[in-house]
Amino acid sequence: MIRRATVLFLAALLPLLAGAGQAQAAGYRYWSFWERDGSAWTYATVGPSLSRPADGDVQGFRFSVSEDSGDAAKPRGAAGFDTICAKTPAKDGTKRVALVIDFGTPGDAPSGEKPPAGRTACAQVAEDATTAEALASVAKPLRYDSSALLCAIAGYPAKGCGEQVATDGKDSSPTETAGTAETAETAGSAEDGGSGPSVGLIAGAAVVVVLGAAAVWQVRRRA
């Protein structure tokens, strides 16, 4: 009798516990930067203003909502250098960088905006040019914030920059921005220790334990 009552009580509280964890879920809406390694995309370890690609490199940008670099969406579409730069012959004193620009899905778009179709471009720039300079040569206008975070490519999105949003895509704090690309990548893990449980989840678990113990005591008292 006691065991059955306890199990039923805890089962009823499980949805509340799950909700406590989900309530803490949030991400950032921003442009992520990628490098092509063979046949796979890898998240760039430096920002586009510091990256200096070599002739023949393929790099990509993807606009999406993600909690951190671990769950960031990768660029979609063709990503072969020979295909993207087929009509751009090599030229002395320059390098060619193939760029894949993925404007994301309607679900990731800010309210009232529609993502343009994805595109590829072959940027032919000076040999010492950065990725940011290569991108600027083929996808203007670019927009940056005061912390040099890339906010818009080809004018998209028209406003906003690394703002924090709920994982369902709705703004949770429109005025709060990621600040830098590194912040956007790591903010989801810095506050709660990475993949560890959130404060809300721990608090929910504590409530279940306390109330569960109370239920057992009450059943025993009545028995």
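Coordinates for the structure precede this section.
Thresholds, definitions, all that
- Residues numbered from 1 in each chain as written.
- Predicted model: local features only at pLDDT ≥ 70, side-chain atom pairs only at ≥ 80, totals over all residues.
- Heavy atoms only, no water.
- Disulfide = S-S within 2.5 Å.
- Helix = DSSP H or I, 4+ residues; strand = E, 2+ residues; numbered from the N terminus.
- Buried < 20%, exposed > 50% of the residue type's maximum accessible area, 1.4 Å probe, protein only.
- Salt bridge = Lys/Arg side-chain N within 4 Å of Asp/Glu carboxyl O.
- Phe/Tyr/Trp six-rings, centres within 6.5 Å; stacked < 30°, edge-to-face > 60°.
- 1 Å grid on protein atoms, 1.4 Å probe; cavity = no way out; pocket = protein on both sides within 12 Å on 5 of 7 lines; lining within 4 Å.
- Points joined across faces, edges and corners; volume = space filled by probe spheres on them.
- Nonpolar A, V, L, I, M, F, W, Y, C, P; charged D, E, K, R; others polar.

## As for the state of the cysteines
Moving on, step 1. The tally for this structure, following the rule as stated, stands at two disulfides.
Moving on, step 2. Note that Cys 85 is cross-linked by a disulfide to Cys 122, the S-S spacing being 2.1 Å. Disulfide Cys 85-Cys 122: torsion about the S-S bond near 105°, hence right-handed. One end of the pair, Cys 85, is in the loop between α2 (81-84) and β4 (94-102); the other, Cys 122, is in strand β5 (residues 119-126), and 37 residues separate them in sequence.
Moving on, step 3. The class for Cys 85 is buried, based on a relative accessible area of 3%.
Moving on, step 4. When its relative accessible area of 16% is taken as the criterion, Cys 122 is described as buried.

## A word on the pattern of salt bridges
Moving on, step 1. For the structure on display, the rule yields four salt bridges.
Moving on, step 2. The salt bridge involving Arg 76 is made with Asp 102; its shortest N-O contact spans 2.7 Å. With Arg 76 in the loop between β3 (58-66) and α2 and Asp 102 in strand β4, this residue pair connects regions lying 26 residues apart in the sequence.
Moving on, step 3. For Arg 76, a relative accessible area of 45% gives the class partly exposed.
Moving on, step 4. A residue is classified by how much of its surface remains accessible, and Asp 102, at 4% relative accessible area, is buried.
Moving on, step 5. One salt-bridge network, in which partners are shared between bridges, spans Arg 62, Arg 76 and Asp 102.

## So, the packing of aromatic side chains
Moving on, step 1. Summed over all chains, the structure comprises six aromatic pairs.
Moving on, step 2. Taken together, a centroid distance of 5.0 Å and an interplanar angle of 70° make the contact between Trp 34 and Tyr 43 edge-to-face.
Moving on, step 3. On the basis of relative accessible area, Trp 34 is assigned to the buried category, the value being 3%.
Moving on, step 4. Clustering of aromatic rings is evident, with ring pairs tying together Trp 31, Phe 63, Phe 103 and Tyr 156.

## A word on the environment of Pro 106
Moving on, step 1. Tracing the backbone shows Pro 106 in the loop between β4 and β5.
Moving on, step 2. A relative accessible area of 67% means that Pro 106 is categorised as exposed.
Moving on, step 3. Separated by 42 residues in the primary sequence, Pro 106 and Ser 64 place their C-alpha atoms 9.6 Å from one another.

## Thoughts on empty space enclosed by the protein
Moving on, step 1. Summed over the entire model, instances satisfying the criterion amount to one cavity of 30 Å³ or more.
Moving on, step 2. By volume, the largest cavity is sized at about 40 Å³.
Moving on, step 3. If you go around the largest cavity, the residues you meet are Arg 29, Tyr 30, Trp 31, Phe 63, Leu 150, Cys 151, Pro 157, Gly 160, Cys 161, Gly 162 and Glu 163.
Moving on, step 4. Mapped onto the lining of the largest cavity, the elements with two or more residues apiece are β1 (26-37) and β7 (150-152).
Moving on, step 5. In terms of residue count, the dominant contributor to the lining of the largest cavity is β1 (three residues).
Moving on, step 6. Split into classes, the residues belonging to the lining of the largest cavity amount to seven nonpolar, two polar and two charged.

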